[in-house]
Amino acid sequence: MGKPENDDAVSGTDSRNQSASMNMKKGLFQSLTVKGNRFAGKNQINEIAEATNSGSQPHCTFCMGKNSCRIVRSKTKLMNVLIEKGKPQEANAIFENLIEGGHEPSLVTYTTLLNALTNQKCFKLIHTIVSKVKEKGIKPDSIFFNALINAFAESGNMEDAVKAVQNMIESGLRPSTSTYNTLIKGYGIEGKPDESMKLLDLMSTEGNVKPNLKTFNVLVRAWCKVKNISEAWNVVNKISASGMQPDAVTFNTIATAYAQNGETSQAEAMILEMKRNGLEPNERTCSIIISGYCREGKIKEALMFVHRMKDLRLQPNLVDFNSLVNGFLEVMDIDGVDEVLKLMREFHIQPDVITYSTIMNAWSQAGFLEKCKEIFNNMLKSGVEPDAHAYSILAKGYVRAQETEKAEELLAAMVESGVRPNVVILTTVISGWCSAGRMENATRVFDKMREFGVAPNLKTFETLIWGYAEAKQPSKAERVLQIMEDFHVLPKKSTILLVAEAWAFAGLVEEANRLLSTVKTKQITNPIEEDNIPYEVLKKIDQKSYTSAPLGTPLQIPSVVSNDQKGSVLAARRNRRLLREGDSEIPLLSTKFKCHSQIGRVGEGFSIMCQKQFLCQHNTCQLANSCTAVFLN
């Protein structure tokens, strides 16, 4: 997301030109060692690397003869089409197939691959591609150099971007305005708009390179990124001084900076500024203003602006209306929601799954399950197909209402409608059974994850650990750590503390202290994210059935703890002391054991974990219920 940026006043032109010229003369065009592992590629990227580094010779007669190969040309054209359609990953696969088919990629093919990888922000292979071009004896052209410079700039590696420009010059090619624009953008990404300004001055001294409107717009964005809007306006003045006129992109960029800075009223004032420059605001302008007001909690101002859009002869889009719906729901202004829905009908805009999901989530958060179900049914009647998020919200509502069996029934409904259950809804159902003390059901749902080809994540395992803690089964809680190893999910420090809490729940302080000592000695920190573990990992452990395992194996089905399965187990333990007063290890447990509750407007899913907070302060311990719901979309 764009963050605003800063720059110095325009001064010291000569020193800037000298500095920029010296930078251009550094370095050679060569394969450099990739620094660190900041831009780790995915599995497919590794396959591309293998294909690119393959020493096998082409067996295509046209390629062997260094002639133009029709297949290479057509495949390269297809790669470009896929990139334009926003499918750069598929372009990767085309490149792999080309190599596997015994063909020799052309310079255009390598240039296209660079563009595809840049679009995916997979920068690990930049130097590999450069080395391959050199190895094949292919002479780079200006298009390849510009793609290479753009890749370095997008990755934040301006040192190598400048080296590539210098090598371009040494190859007899002149940097174009586009080349300079890319460098200016790169310094903007790095948060160094003052360096971008030096390049603008350098362009002014070069007879063959002149800045264009895009040059200035990139500079405006660079200053806005560091929240220096006054310098951004100075660049706008330079546009006029250069005999050009700012366009809608110029003003929308500044409007965005105002909105992100909590000054949406200033962003709205940009409409007058645009009109003074003979420009009409567009839908993008309006979306910036609406979302800005919503972010500031000024929902009524946002709604008033939507009404004003009629005078501007513009129509709000679905994203605008969804922002308004979400804003009114956050303050539970149902009349406001009704007005927004009425406006949608007036503008002939149909609610989508996000609209329905947002309203469902509000009712669910407020504890009105019936209203949540009503909205879900309305969505079905309107012909809008619910996605995994919508099902997850409804499941969350059922779990909150302690109707976990209905939440689990949604899994079958999802499969029937062609929607694959994800880790979010499955963890939600598991948490429901855990909160009811029905660990045999929780582990059954855990085993279902393999059937759906879904890998559990850290929250899934921490939910199970908490469930066993509630059931006073600390040994089983600790065995979950062993299962995590099978799934290549590393525990965090908080995970180990949860297991220690399980032992503490059972009154076994020595065992709790044993776990706490491992945290101190092993220095467990945050591991990698495992939300998308490949399905192959599941195959390796497919033979292990945790719910049907014999006594003593991980996740053995526990007996039912109580006939009260509606939450009284939680309530009964709420104020129980868990550790003996005066124990020397008590201060180590002064951590809140919970998943932080939050509502995300746009994200990847939500999860409910009805957990306890275990708090120890001043030798006094207590429990408090904590139900976490994180909603996405």
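What counts and what doesn't
- Here, residues in each chain are numbered from 1, in the same order as that chain's written sequence.
- With the structure being a predicted model, the display of local features is reserved for residues of pLDDT at least 70 and the display and counting of side-chain atom pairs for 80 or more, all residues being used for whole-chain, interface and lining totals.
- As a convention, hydrogens and water are excluded, and side-chain values are obtained from all of the structure's heavy atoms.
- Only DSSP runs of H or I reaching four residues or more are called helices, and only runs of E reaching two or more are called strands; each is numbered from the N terminus.
- When checking whether two residues touch, look at their non-hydrogen atoms; a contact exists if any pair is within 4.5 Å.
- All accessible areas in this document rest on Shrake-Rupley with a 1.4 Å probe, and a residue is counted as covered only by the protein chains that are shown.
- We call a set of buried Ala, Val, Leu, Ile, Met, Phe, Trp, Tyr and Cys residues a nonpolar core when their side-chain atoms join them within 4.5 Å.
- Relative accessibility under 20% of the residue-type maximum defines a buried residue, over 50% an exposed one, and the middle range a partly exposed one, all with a 1.4 Å probe and only protein chains included.
- An axis is simply a line fitted to the C-alpha atoms; with a helix, the fit covers only the stretch in contact. Between two such axes, the angle follows the N-to-C directions and lies from 0 to 180 degrees.
- The labels follow the angle: roughly parallel below 35 degrees, roughly antiparallel above 145, roughly perpendicular from 65 to 115, and oblique for the rest.
- Crossings are classed by handedness, with left-handed meaning an anticlockwise turn of the near helix from the far one by less than a right angle and right-handed meaning a clockwise turn.
- Classification used: nonpolar for Ala, Val, Leu, Ile, Met, Phe, Trp, Tyr, Cys and Pro, charged for Asp, Glu, Lys and Arg, polar for all others including Gly.
- For this analysis, a salt bridge means a side-chain nitrogen from Lys or Arg found within 4 Å of a carboxyl oxygen belonging to Asp or Glu.
- Multiplying 1.5 Å by the residue count of a helix minus one yields the expected span of that helix.
- Classification of ring pairs rests on two measures: the distance between centres of Phe, Tyr or Trp rings, Trp counted by its six-membered ring, which must be within 6.5 Å, and the angle between planes, read as stacked under 30 degrees, edge-to-face over 60 and tilted in between.
- The term polar contact refers here to a pair of N or O atoms within 3.5 Å; inside protein, the definition further demands a hydrogen-donor-capable atom paired with an acceptor-capable atom, and it admits residues adjacent in sequence only when both atoms are side-chain atoms.
- Summary of the metric used: pLDDT quantifies the predictor's per-residue confidence within the range 0 to 100.
- Relevant arc is that of directions from the helix axis to the C-beta atoms, nothing else.

In the nomenclature of an unreviewed UniProt entry, the protein chain is known as Pentatricopeptide repeat-containing protein of Crotalaria pallida.

### Description of the overall build of the protein chain
Helix and strand counts for the protein chain stand at 31 helices and two strands. A separation of at least 24 residues holds for 69% of the contacts in the protein chain among residues at least 6 apart in sequence. Total accessible area computed for the protein chain in this model is approximately 29,600 Å², and 50% of it derives from carbon and sulfur atoms.

### A short note on the nonpolar core
Counting 160 residues, the largest nonpolar core has Ile 254, Phe 321 and Leu 324 as its most contacted members. Ranked by residues supplied to this core, first place goes to helix 28 (residues 493-505) with nine residues. Within the second largest apolar cluster, five residues are counted, among which are Cys 60, Cys 63, Val 72 and Leu 98.

### Description of the packing of helix 27 (residues 474-486) against helix 28
Closest axis-to-axis distance for the helix 27/helix 28 pair is 7 Å, and the angle between their directions is 160 degrees. One finds that helix 27 runs roughly antiparallel with respect to helix 28. The interaxial crossing formed by helix 27 with helix 28 has left-handed handedness. In contact with Pro 474, Ser 475, Ala 477, Glu 478, Leu 481 and Met 484 of helix 27, helix 28 contributes Thr 495, Ile 496, Val 499, Ala 502 and Trp 503. Within the contact of helix 27 with helix 28, the residues separate by chemical class into eight nonpolar, two polar and one charged.

### Side note on the environment of Leu 113
Of note, Leu 113 is situated in helix 6 (residues 107-119). For Leu 113, a relative accessible area of 0% gives the class buried. Residues Leu 113 and Ala 91, spaced 22 residues apart in sequence, show a C-alpha to C-alpha distance of 7.4 Å.

### With respect to the pattern of salt bridges
Enumeration according to the criterion identifies 22 salt bridges in this entry. Ionic pairing is found between Glu 159 and Lys 163, a salt bridge with its closest N-O pair at 3.5 Å. Placement of both Glu 159 and Lys 163 in helix 9 (residues 158-170) is noted, with a separation of four residues, approximately one turn of the helix. Under the relative-accessibility criterion, Glu 159 is labelled partly exposed at 47%. A salt bridge links Lys 192 to Glu 190; its shortest N-O distance comes to 3.6 Å. Note on Lys 192: relative accessible area 38%, which makes it partly exposed.

### Overview of the environment of Glu 301
Residue position: Glu 301 is located in helix 17 (residues 299-308). By relative accessible area, which is 35% here, Glu 301 ends up partly exposed. Between the C-alpha atom of Glu 301 and that of Ser 265, which follows or precedes it by 36 residues, the distance is 9.3 Å.

### What about helix 9?
For helix 9, with 13 residues, the first-to-last C-alpha span of 18 Å sits near the 18 Å given by 1.5 Å per residue. Regarding helix 9, the residues found buried are Met 158, Asp 160, Ala 161, Val 162, Lys 163, Ala 164, Val 165, Gln 166, Asn 167 and Met 168. Positive phi shows up at Gly 172, right after helix 9, with a value of about 90 degrees.

### Some remarks on unusual backbone geometry
Positive phi, close to 60 degrees, is recorded for Lys 121, a residue that is not glycine. Relative to the helices and strands, Lys 121 is located in the loop between helix 6 and helix 7 (126-135). The exposure class assigned to Lys 121 is exposed, which follows from its relative accessible area of 53%. Residues other than glycine seldom take positive phi values, yet Gln 402 does so here, at roughly 60 degrees. For Gln 402, a relative accessible area of 34% translates into the label partly exposed.

### Quick word on the packing of aromatic side chains
Tallied over the full model, the rule gives nine aromatic pairs. Their ring planes at 70 degrees and their centres at 6.5 Å tell us that Phe 144 and Phe 145 sit as a pair that is edge-to-face. By relative accessible area, which is 0% here, Phe 144 ends up buried. On the basis of an interplanar angle of 55 degrees and a centroid distance of 5.7 Å, the ring pair of Phe 461 and Phe 487 is categorised as tilted. With a gap of 26 residues between them, Phe 461 in helix 26 (residues 458-470) and Phe 487 in the loop between helix 27 and helix 28 connect regions that are remote in the sequence. By the ring-pair criterion, three or more aromatic residues cluster together here, those being Phe 446, Phe 461 and Phe 487.

### Focus: the side chain of Thr 355
Structurally, Thr 355 can be placed in helix 20 (residues 353-366). Of the residues examined, Thr 355 reaches a relative accessible area of 1% and is grouped as buried. Polar side-chain contacts of Thr 355 include one of 2.4 Å to the side chain of Asn 322. Reaching out from Thr 355, the side chain makes a polar contact with the side chain of Asp 352 at a distance of 2.8 Å.

### What to know about the confidence of the model for the protein chain
Predicted confidence across the protein chain gives a mean pLDDT of 76, with 72% of residues reaching 70 or more. Here residues 1-42 is modelled with pLDDT under 50, and outside its nearest four sequence neighbours on either side it reaches 103 contacts, counting other chains as well. Every residue in residues 525-633 scores below 50 in pLDDT, and together they form 263 contacts with partners more than four places removed in sequence or on other chains.

### Re helix 19 (residues 334-346)
Side chains of residues three or four places apart in an α-helix project in the same direction, reflecting 3.6 residues per turn. The terminal C-alpha atoms of helix 19, which comprises 13 residues, lie 19 Å apart, in line with the 18 Å expected from a rise of 1.5 Å per residue. All of the buried residues in helix 19 are Gly 336, Val 337, Val 340, Leu 343 and Met 344. The buried residues of helix 19 occupy an angular sector of 120 degrees when projected down its axis, which confines them to one face. Along helix 19, the residues that are exposed and aim more than 90 degrees away from the buried face are Asp 335 and Arg 345. Elements in contact with the buried residues of helix 19: helix 17, helix 18 (318-330) and helix 20. The distance from a side-chain oxygen at the start of helix 19 to the backbone nitrogen of Asp 335 is 3.3 Å, and the residue carrying that oxygen is Asp 333. Looking one or two residues past helix 19, His 348 carries a phi angle of roughly 60 degrees, positive in sign.

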